[in-house]
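Geometric and topological summary
Here's the letter readout for the chains.
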Amino acid sequence: MKLRPHFLFILLFTFTCNIIKAQAQGENIKLNQLGFYPFGPKVAVLTASTSSSQFYILPVNGTDTLFKGTLSVERQSAFSKTKTRIADFSSFDKPGSYVLYIPKAGKSYPFKIEDNANRPVAIASLKGFYYQRVSMPLETKYAGKWARPAGHPDTKVLIHPSAASPERPAGTEISTPGGWYDAGDYNKYVVNSGITMGTLFSAYEDFPAYFENLKTNIPESGNGLPDILNEALINLRWMLSMQDPNDGGVYNKCTNATFDGMVMPGVTKEPRYVVQKGTAATLDFAAVTAQASRILRKYNTQLPGLADSCLKAAINAWGWAKKNPYVEYNQDEMNKTFQPVVTTGGYGDKKFQDEWFWAASELFVSTQEGAYGEEAASNFNGDLSLPAWGDVQMLGVYSILRFRDFVPDYAKSNIDQLKELFIQFADALIWKVQNNAFQTVMGQSAKDFNWGSNSNAANQGIALINAYMITKDKKYLDNALSNLDYLLGRNATGYCFVTGIGSKSTMNPHHRPSVADGIEEPVPGLLAGGPNSGMQDKCKYPFTDPELAYIDQHESYASNEIAINWNAPLVYLANGIEALQPSAFMKK
Ligand code: 9MR
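Right, let's walk through the structure included here. (Residues numbered from 1 in each chain as written. Predicted model: local features only at pLDDT ≥ 70, side-chain atom pairs only at ≥ 80, totals over all residues. Heavy atoms only, no water.)

1. Notes on the environment of R85
When you line up the elements, R85 lands in strand β7 (residues 83-88). Of the residues examined, R85 reaches a relative accessible area of 16% and is grouped as buried. Residues R85 and D448 lie 363 residues apart in sequence; the distance between their C-alpha atoms is 22 Å. Those residues in contact with R85, other than ones at most four positions away along the chain, are A44, V45, L46, T50, S52, S53, L71, S72, V73 and E74. There is a polar contact of 2.9 Å between the side chain of R85 and the backbone oxygen of S72. (Helix = DSSP H or I, 4+ residues; strand = E, 2+ residues; numbered from the N terminus. Buried < 20%, exposed > 50% of the residue type's maximum accessible area, 1.4 Å probe, protein only. Contact = heavy atoms within 4.5 Å. Polar contact = N/O pair within 3.5 Å; in protein donor to acceptor, adjacent residues only side chain to side chain.)

2. Remarks on the sheet that holds strand β11 (residues 157-159)
The strand order across the open sheet formed by five strands is β12-β11-β15-β14-β13, and the pairing between neighbours is mixed. The open sheet has two edge strands, β12 (173-174) and β13 (188-189), and neither has a second partner. The pairing of β13 with strand β14 (residues 251-255) spans two bridges and is classified as antiparallel. The residue of β14 that forms the bridge with K188 is C254. (Pairing = 2+ DSSP bridges.)

3. With respect to the side chain of H510
Examined against the element boundaries, H510 turns out to sit in the loop between α15 (474-487) and α16 (512-516). A distance of 2.8 Å separates the side chain of H510 from the backbone oxygen of H554, its partner in a polar contact. Sequence-distant contacts of H510, defined by excluding residues within four places in its chain, comprise G184, M262, H554, E555, S556, Y557, N560, E561 and I562.

4. Remarks on the sheet that holds strand β3 (residues 43-46)
Judged by pairing direction, the sheet is antiparallel, and its four strands sit side by side in the order β1-β3-β7-β6 without closing on themselves. The sheet terminates laterally at β1 (29-30) and β6 (75-76), the two strands that pair on one side only. In the sheet, β1 pairs with β3 via two bridges, with the strands oriented antiparallel. By the bridge assignment, K30 is partnered in β3 with V45.

Quick look at the structure:
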């Protein structure tokens, strides 16, 4: 049959339209791609223009309207050209699987309304740490298709000349096996382990009953310890091996001299070094081991003596820091003096007041010794800020507030002031959320979109969960949930930033195993760094506005790497919300 030209045109036109339509599915409507709690807030964000003022909730494969709502007026986002309209369907509480439909804008990705709606990300984010384990093989029964041989054994690690001491001269071999790889690279850093462990331990201390029952299918599951602690022990034992038993000081990292290529872990056999001891690493270590000591005490049968060893390690580390209060890790300076030159991650911090406060706080809570309380008080900075690897004061604030009922009488008025200050901080996080184009706590300031921005969203959420637990005011928890929604798709990019979760998630993280394993799907449960207006990797970002400066390419280490200090606050946020939902988001 000979086709007439105009028929061909119609055919081509229909075909092209179908492609456009297919692309539009899900793209114009940003929401948590897992779903919502029946009695929790439910918000989706339209980022395309439409003449419709209505939105509809439909069954996934149906057309009958189950809920009809009105879109908000249009808002201009402050951090890109994006214009948004809000679809709020909080009052729709019927469990099921749905899509949200807006005429001329299309359908959202499917989502669920159910109890435990965020349980998949809660479990996956914790399991993500298992996949980062360094010195043991990942077996198929736990790792599925991501099973792999053990990575770096780290049983013969050299003392780098920067770390030489009389008892351990340069070139001495020590053993520092285990732990987690820091991120997309294959090195292990004490400073970054510090905040990571503090955050995971705090999650456990805030929700012990919930974590008692949370299983992540790891080799240790069912051994009498909660899996969050089983996982944390992997890195705790490594950290303990990073302390020099001769003086209590702690090495900054166990590392190659230069980053490995994009190969599977353990393939390269480059020498590994521990480098220079430092004040920040040693104080972070003191805080983590002090916190570990009080948590592990109740597991003395399973872990005989470990709680005591941790406390001893913490006190020795504190002692070293007292004698060495200003030892900065300045890699560039170090490289002028010592060989081999080390070019892996620095985590170099210049200010130690926050580390002093955190370590003193954890030691105070664990030992109840007044001297540590005084140290904490004298290092306190009243200008509160969210935790970051170089800013750990808030971790101490959380611990002190968590144990506020146990502080001695003489400190009670300080605690009341701290509580008040903290609630002011939480209020400042939420008071303008309604003006934000995505109605999330995240993204109210351009500063939110830095390297590892997604950890800001998670850490804001943690602060708000703490405010909720102190005040029982549900507005804090609703706002914390807005940031979990952000991470799972309610953001300007439309990505769910957690690998393996949702309909459109990060597929190509800067993560060596995910690049090198030949498996299409990335290793699951890992949080990408997220939009970063710095774009230091010089990749070709499709958009460069702060909230859109993200590219799902493995070369993009500045926006698409994964890291343990970003996954840990996601573990806290997702599990904290899951733990609190029976009282907050279920029908009474
Ligand atoms: O998270 C770190 C970020 O705050 C810094 O700006 C950046 C550059 O120094 O380094 C990030 O940390 C990386 C570390 O140095 C090495 N492992 C990967 C980490 C995540 O990108």
